[in-house]
Amino acid sequence: MPDQPRKATVILATAIATPVLLLILGYAALVEGMIPANADAKPPVVERWIAKRALNAAIDRGIQGLSDPLPVNDSTLTRGVRLYGTHCAACHGTSDGEPSPIAKGLYQPPPQFAKHDVTDDSIAETYWKITHGIRLTGMPSYAQTLSPEQRWAIATFLRHQGELPAHADEAWKALPSSAVRSED
Ligand code: HEC
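Being a predicted model, the structure only gives us computed values, none of them experimental.

Details of the coordination of the iron atom of the ligand
Angles between donor atoms at a metal ideally measure 109.5 degrees for a four-coordinate tetrahedral arrangement and either 90 or 180 degrees for a six-coordinate octahedral one. Coordination of the iron atom of the ligand by the protein comes from His92 (NE2) and Met139 (SD), over a distance range of 2.0 to 2.2 Å. Considering all 6 donor atoms around the iron atom of the ligand, angles at the metal cover 87 to 178° and the coordination shape is octahedral. With histidine 92 in helix α4 (residues 89-92) and methionine 139 in the loop between α6 (123-132) and α7 (148-159), the pair connects residues that are 47 residues apart, well separated along the chain. A relative accessible area of 13% means that histidine 92 is categorised as buried. Assessed through its relative accessible area of 21%, methionine 139 is described here as partly exposed.

Next up, the structure:
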């Protein structure tokens, strides 16, 4: 065979064989239990980077045209705090920032908002996360559990967590700690 066609045949064979080989290796790793499925590990940097990129892109698309319908006042914020206490504190903690047993065991770990708040995110972004949840993490979707108004109230509280008016601040500090302090 002349040189040029032989070269083309080798390139073509490599182009077909490489993905097939990768698929076979990937399948072998999967069925042999070599792909980690445990939750008691720290998420690797690459996994976190890919997940964050995908999430941010989905949110950018999802929040177009969304705007917060509730007034930002003590009553909305107090309502948001109370709903947060019932639906979110088990994973995201209360004002002492101590993680609950559930929070300690989750993969990905849920941020404890007393220490790592989301006041930098827009209300619409947090509303999106509450509504749709975050796939392949413990973050649930509340689309079927809470009304849109309740979801907006919680998102408004999280946006203003660092600057709460009197009643809302009192309600936030009064939420019982999610951490278990002693064994029965
Ligand atoms: C069963 C545990 C669990 C519950 C309950 C839960 N979350 Fe989450 N949440 C998570 C986890 C885990 C993550 C981290 C996901 C990730 O790393 O991408 C998360 C992420 C978030 C984020 C994004 C944080 C950031 O830094 O970008 C927000 C906002 C949030 N949750 C709000 C809420 C609200 C509000 C509620 C209640 C309505 C709630 N979550 C209930 C587990 C939970």
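Re the side chain of threonine 78
For threonine 78, the position within the fold is in helix α3 (residues 74-87). In this view, threonine 78 contacts His167, Ala168 and Ala171; residues no more than four positions away in its chain are not counted.

As for the pattern of salt bridges
Considering all chains together, one arrives at 4 salt bridges under this definition. For glutamate 149, the salt bridge identified is with arginine 79, shortest N-O distance 2.7 Å. With a gap of 70 residues between them, glutamate 149 in helix α7 and arginine 79 in helix α3 connect regions that are remote in the sequence. Owing to a relative accessible area of 42%, glutamate 149 belongs among the partly exposed residues under this scheme. Of the charged contacts in the structure, one is a salt bridge between lysine 173 and aspartate 169, with a shortest N-O distance of 2.9 Å. Here aspartate 169 and lysine 173 lie together in helix α8 (residues 166-174), a separation of 4 residues that amounts to about one turn. Judged by relative accessible area, which is 57%, lysine 173 ranks as exposed. Residue aspartate 169 is classed as partly exposed on the basis of its relative accessible area of 23%. Where salt bridges share partners, they join Asp121, Glu125 and Lys129 into one cluster.

Notes on the side chain of threonine 156
With respect to the helices, strands and loops of the structure, threonine 156 is situated in helix α7. Apart from the residues within four sequence positions on either side, threonine 156 is in contact with Asp68, Val72, Thr76, Leu77 and Ile123.

Considering the site of the ligand
Close contacts around the ligand come from 22 residues, with Cys88, Cys91, His92, Gln108 and Met139 the closest. Histidine 92 has a polar side-chain atom sitting 2.8 Å from a nitrogen atom of the ligand. Lysine 129 has a polar side-chain atom sitting 3.1 Å from an oxygen atom of the ligand. Counting residues per element, the shell around the ligand draws most heavily on α6, at 3 residues. Counted by class, the shell around the ligand contains 15 nonpolar, 6 polar and 1 charged residues.

Looking at the packing of α3 against α7
Between α3 and α7, whose axes approach to 7 Å, the crossing angle comes to 100°. Classified by the angle their axes make, α3 and α7 are roughly perpendicular. For the pair α3 and α7, contact is made by Thr76, Leu77, Arg79, Gly80, Val81, Leu83 and Tyr84 and by Glu149, Gln150, Ala153, Ile154, Thr156, Phe157 and Leu158, respectively. Of the residues that constitute the contact of α3 with α7, the class distribution is 8 nonpolar, 4 polar and 2 charged.

So, the domain arrangement of the protein chain
Interface extent is often summarised as the accessible area lost during association of the parts. Domain annotation for the protein chain reports domain 1 (1-35) and domain 2 (45-174). Centre-to-centre, using C-alpha coordinates, domain 1 lies 45 Å away from domain 2.

Structural notes on α8
Of all the residues in α8, the buried ones are Ala168, Ala171 and Trp172. Projected down its long axis, α8 carries its buried residues within an arc of 100°, all on one side. Of the exposed residues in α8, those oriented more than 90 degrees away from the buried face are Ala166, His167, Glu170, Lys173 and Ala174.

Rules used in this analysis
- Residues numbered from 1 in each chain as written.
- Predicted model: local features only at pLDDT ≥ 70, side-chain atom pairs only at ≥ 80, totals over all residues.
- Heavy atoms only, no water.
- Donors = N, O, S within 2.8 Å, 3.2 Å for Na, K, Ca; no water.
- Tetrahedral: all angles 85-135°; square planar, octahedral: opposite > 155°, others 65-115°.
- Helix = DSSP H or I, 4+ residues; strand = E, 2+ residues; numbered from the N terminus.
- Buried < 20%, exposed > 50% of the residue type's maximum accessible area, 1.4 Å probe, protein only.
- Contact = heavy atoms within 4.5 Å.
- Salt bridge = Lys/Arg side-chain N within 4 Å of Asp/Glu carboxyl O.
- Near = heavy atom within 4 Å.
- Polar contact = N/O pair within 3.5 Å; in protein donor to acceptor, adjacent residues only side chain to side chain.
- Nonpolar A, V, L, I, M, F, W, Y, C, P; charged D, E, K, R; others polar.
- Axes fitted to C-alpha atoms, helices over the stretch in contact; angles between N-to-C directions.
- Parallel < 35°, antiparallel > 145°, perpendicular 65-115°, else oblique.
- Domains from an automatic or database assignment.
- Arc of directions from axis to C-beta.

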